[in-house]
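Spelled out from the first residue to the last, the chains are:
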Amino acid sequence: MAVGVWLTAQGVNTVSLTSGQGHPGDEVEVALNLSNTDEVTALEILVPLGDMLRYVDGSAVLNTDRGNGHTLTASAKDGKLNICIYNFTLAPIKGTDGEICRFKVKLGKEPADYDLVPDVVLGDKDGNAVSCSVNKGVVTLLSPKIEITTPTLAYGRVPIRSSYTKTLTIHNAGNEPLEVSEIAFDGNDLSASPATCTIAAGATKDVVVTYAPMQRGD
């Protein structure tokens, strides 16, 4: 008995965002790439940006090497960037791999890795949705972040003309080294050791604060 097997070829289409990094206030450029085996005439991309990434108005541009008379619009609302690429003549995007467009985001202050995971809709010339997979991008905001885990040092009631120590704990919750350039006090009866230090990302430093009162008082 003969058995026939028919295989249906499925198109493979992938939208990918590139990654980048910068410091607070920097502008980071992100590219959007499309690898496609199906003909694609239109794209709609919704990119959640969150609180620490802000779309730079007017920065989204279409790659003319793949555009085929297409128009790009981009706008941000409620922490989400919406990009639409379309052509009224329903001409397909040129080529089968490479950058479609790019845009810029301005970085906030909180150090972390921020995932860019877009929702993507691809369309063909008949207005049908074209299936695709998505590869996320990551924007890394680089900065130290100081956390004082012992905000109060209480020496209590102590005699004068002697010295007493407490430990001040400083934690760097950021992803770059924290440079402590000075630990200073209003009076001469308090001193810190060390008064300067460098704390690696994710590390903690104990500073000894010595209280040596010479006069009665609070």
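Residues numbered from 1 in each chain as written. Predicted model: local features only at pLDDT ≥ 70, side-chain atom pairs only at ≥ 80, totals over all residues. Heavy atoms only, no water.

J.: Got a minute to help me understand the side chain of Arg66 in this structure?
T.: Take Arg66: it is sitting in the loop between strand 6 (61–62) and strand 7 (71–77). Although Arg66 is buried, it forms no salt bridge, and the closest oppositely charged side chain is Asp97 at an N-O distance of 5.7 Å. At 2.9 Å, the side chain of Arg66 and the backbone oxygen of Gly95 are in polar contact. Apart from residues no more than four positions distant in its own chain, Arg66 is found in contact with Leu34, Asn36, Ile93, Lys94, Gly95, Thr96, Asp97, Gly98, Glu99 and Ile100. (Helix = DSSP H or I, 4+ residues; strand = E, 2+ residues; numbered from the N terminus. Buried < 20%, exposed > 50% of the residue type's maximum accessible area, 1.4 Å probe, protein only. Lys, Arg positive; Asp, Glu negative; His and termini not counted. Salt bridge = Lys/Arg side-chain N within 4 Å of Asp/Glu carboxyl O. Polar contact = N/O pair within 3.5 Å; in protein donor to acceptor, adjacent residues only side chain to side chain. Contact = heavy atoms within 4.5 Å.)

J.: What exactly am I supposed to notice about unusual backbone geometry here?
T.: For residues besides glycine, phi is generally negative; the peptide bonds are generally trans as well. A cis geometry characterises the amide bond from Ser193 onward to Pro194, with omega recorded as 0°. In this structure, Pro194 sits in the loop between strand 18 (190–193) and strand 19 (197–199). The backbone of Asp78 shows a phi angle near 55°, a positive value even though the residue is not glycine. Here Asp78 lies in the loop between strand 7 and strand 8 (80–86). Here the phi dihedral of Leu90 falls at roughly 65°; this positive angle occurs in a residue that is not glycine. Tracing the backbone shows Leu90 in the loop between strand 8 and strand 9 (97–107). Residue classification places Leu90 among the partly exposed residues on the basis of a relative accessible area of 42%.

J.: How do you make sense of the sheet that holds strand 2 (residues 20–22) when you look at a structure like this?
T.: Neighbouring strands of a sheet are bound in pairs by backbone hydrogen bonds; such pairs are parallel or else antiparallel. In spatial order, the strands read 2-14-10; together these three strands make up an open sheet with mixed pairing. In this open sheet, the two edge strands, each paired with only one partner strand, are strand 2 and strand 10 (112–116). Ignoring strand direction, the axes of neighbouring strands in this sheet form an average angle of 20°. Looking at chain direction, strand 2 and strand 14 (residues 137–141) are connected through three bridges and run parallel. Bridge pairing in strand 14 places Gly20 opposite Val139. (Pairing = 2+ DSSP bridges. Axes fitted to C-alpha atoms, helices over the stretch in contact; angles between N-to-C directions.)

J.: Is there a simple way to think about the confidence of the model for the protein in this case?
T.: Caution applies to low-pLDDT parts of the model: their predicted coordinates are not meant to be read in detail. With 95% of its residues at a pLDDT of 70 or more, the protein shows a mean pLDDT of 93. Residue range residues 1–10 is modelled with pLDDT below 50. Its contacts to residues more than four positions away, or to other chains, number zero contacts. (pLDDT = per-residue confidence, 0-100.)

J.: Help me out: how do you make sense of the environment of Arg102 in this one?
T.: Following the sequence through the fold, Arg102 ends up in strand 9. Setting aside chain neighbours within four positions, we find Arg102 in contact with Glu29, Val30, Ala31, Ser59, Ala60 and Val61. There is a polar contact of 2.7 Å between the side chain of Arg102 and the side chain of Glu29.

J.: When you look at the packing of aromatic side chains in this model, what are you seeing that I'm missing?
T.: In this structure the tally under the stated criterion is two aromatic pairs. Here Tyr86 and Phe88 contribute two aromatic rings whose centre-to-centre distance is 5.4 Å and whose plane-to-plane angle is 70°, an arrangement assigned as edge-to-face. Judged by its relative accessible area of 28%, Tyr86 is partly exposed. The exposed category is assigned to Phe88, whose relative accessible area is 77%. Their ring planes at 50° and their centres at 5.2 Å tell us that Tyr155 and Tyr211 sit as a pair that is tilted. Taken together, the residues Tyr155 in the loop between strand 15 (146–148) and strand 16 (164–172) and Tyr211 in strand 20 (residues 204–211) connect sequence positions 56 residues apart. (Phe/Tyr/Trp six-rings, centres within 6.5 Å; stacked < 30°, edge-to-face > 60°.)

J.: What am I meant to see in the pairing of strand 4 (residues 42–48) here?
T.: A regular strand places its side chains on the two faces of the sheet in alternate fashion. Going residue by residue along strand 4, you find Leu43, Ile45 and Val47 tucked away on one face and Ala42, Glu44, Leu46 and Pro48 left uncovered on the opposite face. Relative to strand 11 (residues 119–123), strand 4 runs antiparallel, the two being bridged by five bridges. Across the sheet, Leu46 pairs through a bridge with Asp119, a residue of strand 11. The sheet contact formed by strand 4 and strand 8 spans six bridges and is antiparallel. Looking at strand 8, one finds that Leu46 is bridged to Asn82.

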